[in-house]
Structures are given as structure tokens and as C-alpha cells.
Amino acid sequence: MGRADPEEGQLPAPVKPPDGGWGWIVLFGCFVITGFSYAFPKAVSVYFKELMKDFHVGYSDTAWISSIMLAMLYGTGPVCSIMVNQFGCRPVMLIGGLLASSGMILASFTTNIIELYLTAGVLTGLGMALNFQPSLIMLGTYFDKRRPLANGLAAAGSPVFLSSLSPLGQVLLEKFGWRGGFLIMGGLLLNCCTCGAVMRPLDMGMKRKMEKTQDKYEAKEMLPIGGKSEEGISTTDGTKKAKKAKKKPKKGKKLLDFSIFSNRGFIIYTISKFILVLGLFVPPILLVNYAKDTGVPDTEAAFLLSIIGFIDIFARPACGMVAGLKWVRPHVAYLFSFAMLFNGLTDICSARASNYTGLVIFCVFFGISYGMVGALQFEVLMAIVGSQKFSSAIGLVLLIEAFAVLIGPPSAGRLVDALKNYEVIFYLAGSEVVLSAVFLAVATYCCLNQEKKKTPPPEKPPSGGGGSDTEEAESDVQEGEEHSSDNHQPARSTDNAVVAASEEANHVEDEQSGEGGRCPEGDREALAQAGCNADQTVERDSF
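Scope of this entry: the structure provided in the associated data block. (Residues numbered from 1 in each chain as written. Predicted model: local features only at pLDDT ≥ 70, side-chain atom pairs only at ≥ 80, totals over all residues. Heavy atoms only, no water.)

Here Ser 272 is to be found in helix 12 (residues 264-280). Classification of Ser 272 as buried rests on a relative accessible area of 1%. If near-sequence neighbours (up to four positions away) are discounted, Ser 272 is found in contact with Met 340, Ser 436, Phe 439 and Leu 440. (Helix = DSSP H or I, 4+ residues; strand = E, 2+ residues; numbered from the N terminus. Buried < 20%, exposed > 50% of the residue type's maximum accessible area, 1.4 Å probe, protein only. Contact = heavy atoms within 4.5 Å.)

Within the structure shown, the criterion is met by 20 aromatic pairs. Aromatic side chains Tyr 38 and Phe 132 sit 5.3 Å apart centroid to centroid with 80° between the ring planes, which places their arrangement in the edge-to-face category. Within this pair, whereas Tyr 38 is found in helix 1 (residues 23-43), its partner Phe 132 is found in helix 6 (residues 113-142), the two being separated by 94 residues in sequence. Assigned by exposure class, Tyr 38 and Phe 132 land together as buried. Between Phe 362 and Phe 426 the ring centres are 6.1 Å apart and the planes differ by 70°, which places this aromatic pair in the edge-to-face class. Of this pair, Phe 362 sits in helix 16 (residues 356-385) while Phe 426 sits in helix 18 (residues 422-454); the two residues are 64 residues apart in sequence, bridging distant segments of the chain. Taken together through their ring pairs, the aromatic side chains of Tyr 290, Phe 362, Phe 366, Tyr 370, Tyr 422 and Phe 426 make up a single cluster. Note that Arg 200 overlies the ring of Trp 22, its terminal NZ or CZ placed 4.5 Å from the centroid. Lying across the ring of Phe 378, Lys 273 places its NZ or CZ 5.6 Å from the centre. (Phe/Tyr/Trp six-rings, centres within 6.5 Å; stacked < 30°, edge-to-face > 60°. Lys NZ or Arg CZ within 6 Å of the ring centre and 35° of its normal.)

Another aspect to go through is the packing of helix 12 against helix 17 (residues 390-419). At a minimum axis separation of 8 Å, helix 12 and helix 17 run at an interaxial angle of 25°. Here helix 12 is positioned roughly parallel relative to helix 17, judged by the angle of their axes. Between helix 12 and helix 17 lies a crossing of right-handed hand. Across the interface between the two elements, Phe 266, Tyr 269, Thr 270, Lys 273, Phe 274, Val 277 and Leu 278 from helix 12 touch Ala 393, Leu 396, Val 397, Ile 400, Glu 401, Phe 403, Ala 404, Val 405, Ile 407 and Gly 408 from helix 17. Across the contact of helix 12 with helix 17, the residue classes break down as 13 nonpolar, 2 polar and 2 charged. (Axes fitted to C-alpha atoms, helices over the stretch in contact; angles between N-to-C directions. Parallel < 35°, antiparallel > 145°, perpendicular 65-115°, else oblique. Left-handed = near helix turned anticlockwise from the far one by under 90°. Nonpolar A, V, L, I, M, F, W, Y, C, P; charged D, E, K, R; others polar.)

All quantities given are derived from atomic positions and should not be read as evidence of function.
Okay, here's the thing in C-alpha cells:
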């Protein structure tokens, strides 16, 4: 009826994120998942001393449990992307919650360290990976205008859970031993299934509403004056069935979209993030031992990490609010670069801290900068690739970061053993973070300038009718091919005098049933060469 059908090639507009409503429940679920994913590998370290006694292994052997968890969290990114694109976020998260819980439950019955690697390391790490990535994808689906704030609030789950899971693990260890503690921790991880259950797909309800609205509109459009509504609805149903019968099979959806590598902004972000991860996690890992070597007591040295976590809790939401401002959000990549520069300079300036007061000041500034980086890292990626390709982008980025995680902290530990000097390590880690910040800012600025230079200004159409008749005819044919469902006018004759005389005839012919000498739609191009325009010209002259 002169209106494009969405089932015939023109898809409906994408669903607009609600920026609230059920999205706040999704945000809370993402908060919990982020907390478990980042804090759980660190909280498990509470049980390492007991594991060393029972299995007669060293500290480096037990530390591989946390390393395997983090490696699975980062390294299985492409696998998570493929599963999300194939099955959706909710089923993947439910499976991930069951895997994470079963891994810790099975770990409580292990008899050697290898079995712990396979259960607590591989199974639990894979389960948390299958929860972490889909939760971020759903968060980007439900939030658009408030997305920076939502990312900041979700990222705050990491320091909150770290400050709560570690004391809880110590209490469970004292009352139930490491086996009972692992069993209870496995039960806590079942909450990931609850968080996965609330990740309701956004387009389900919207599609049903659109279908009902479309049916009503078609029924009203097809009803003649005085006709019955039942006849119109039955006609609409018959038309829809005929369209579905003629509908062509859809192409399979890409499991992993590698086309994002053609996006220069994504390449710049990935390189910068790889350099960042090489030095970002080194200072908090070495901070306690560094403080002990400077003469700080053990209890006060351990309290330094609590200071970082406490500052981090407030820094992430605050940075998310700043990133959501209208004049800041278009330049969020530069804000992310500033956060990394702030973090790197903090590492460099603290390298010569020789007393407890200097280390506390370092922890305050490091907590602020670390929270800013954590709140902005995924917001910048969403802004670069968009929500449609974010599932593939985050999987590939996490895979690349996995190599940096396996290179950075172990290399720093070996340098400490070789040099017996923490000052050099802090200088090196800070320099890597500063390099990533400078690279992101400079490359983004140059990339944007090149795009602006390459984009030609829009050409204005000639106002004086300087175009030839042949060019006008070709443009009319192109418009007719693009809008063949609405534009049923015959091809224009090259004779301007005949066209001017037949404008009124064209108008009358369009209002008629369509049999008055017009060319068929599908054969317009073929009949144009056979003389259809000439026949129409004769009929218009006779009219």
C-alpha cells in the first residue's frame, strides 16, 4: 500500500536502550559478576598456606591457581564471543554460573595440586569468563546516555567484593578449613546464575509490540469505507503468510566478527591496552613486599592494599559520572588517556618513597587513577566499536590482554629476584603505562585528523539547470530502481517538450489502476530499450 515492508529487506530500527527501568536490575547483576570475576582470583590466595601444607608444594605452585583463573578470564574471550553470538547472553551466563560453582565444589574434594588446577583454575575460571563478558554486553544494550555512569557503577563491584571476600575467606578457613571454605565459596558462585537469569533480552517485548502495531496498521489501511474489520484482519493474515512463504532464507550470523580490525580506532585501543596491562598490575602486586623491605610492619603493609581498595570504590562511579557529561563524553578517549598518564606518573613518583607516609600518599593517588582506568576501559571500547560489534571486540581484546598478563607481572618478579631493587621495577611499570597513554592520545588525534581530511565536503547541486538531459534521465532511473515499491512512474523521455506536455497525463495515470499503457515494474529496463517510452509518448499525445 505504498509503505515499505520490513520483511522484504528493510529491517525495523534498532531498539532504543531504556537507560533505566529493568536496566538497573541488569546493572546490579553486572556489579555482582564484575566483583566475582576480578576479586575471586585474589581472594583465593587466603587459602594458599593451608594448601602448601596439605599438598607439600611451594608458594609459586599454589599461585598458579589464581594465574590460571585470570588466564581463563582473559584468554577465553573469543570463545565467549562465539557462544554469545550463537546462543545469546542469558543461556551463556547460566552455564557459566554452573561451571564456576561446580569447579569450586569439586576442588573441595581434590587430593593433589594438579586436580586443583583443573577444577578451581580451569572450570571456575571458564565459568567466570562466561559470566563477565555477557554481562558487559547486556549493560551496553540497556544503557546509552547513562552508559558511562553504568560502567562506573558496575566496575565498582571489583573493589567492593575484594574488600569483603578476603575477610570472609579467612573466617571460613578458620572455622571449616580450606575444603569447607571452597565448598561454601562454590555455593556463593551460584549467585552468578541468578544474575544471568535477570539478563532479559531487550528486543523480545519490543518485537511483539511492533508486530501488533503493524497488524493493526495494515488492517486499517486495507479496510474500505464501511467494510468489516474481520475481513480486513483475515486479509492481513493471508498477506503475511504469503510474504513468509516467499521470504528468502537469512544468512547465518557471524560467530566472531573480524571486520572490527578494519576500524583504526579499535587497532589503536588494542595496542594501547596491551602496553597498559604490561605495567598496570605490577605495583599492587609488589607493594606489600616493597613496604616490608623499607621497614614497614606486616600489618601496616597489608593495610596499604585496603587503602587502594577503599579509594577505588568511590573513584570508579565518580569517574563514570564525569565521563557522562555532555562536553566530556565525545572526548572520552582523551579522558582515558589522562587516567593512564595519571596512573603511570604515580608509579614513577612513588619509586623513591622510603617511609610509610609516602606509601600511603602513593596508595591514595594510585587508587584514584586505578579506579579511573577501570571505569573507562570498557566505555571507550563501546564508544569505538558500538554495541552491535562489542561482543566480538571485547573477546578479541581480552585474548590479547591475556598475553600481556602472562608477560608483565612474572617478568617483574624475575627482575626483582635478579636486581633485588624495587625502584627499577616501579620506574619500568610507570614508563609502560605512560607510553600507552601517550600512544592512545597521539594516535587518536592523528587518526581523527586524517579522517576529517579524507572526508570530502558535500557537493552542492547545480542551481541553474546545467545538467544534461541524459544525466537527468539516468538519475531518474536510479531513483526508480531504489524505490521500486513506491515509485511506479515510467521512464522519462529525453524530449523535454514531450515530457512537459505529458505531466498531467502522468498524474492521471498514477491514480488509475495501473493498466493504462505503463511499463511493468520488473521489465522496465528491458522494455525501455524495446521502445516502451515511444509507445507511452504516443498514448500521452493522444490523451
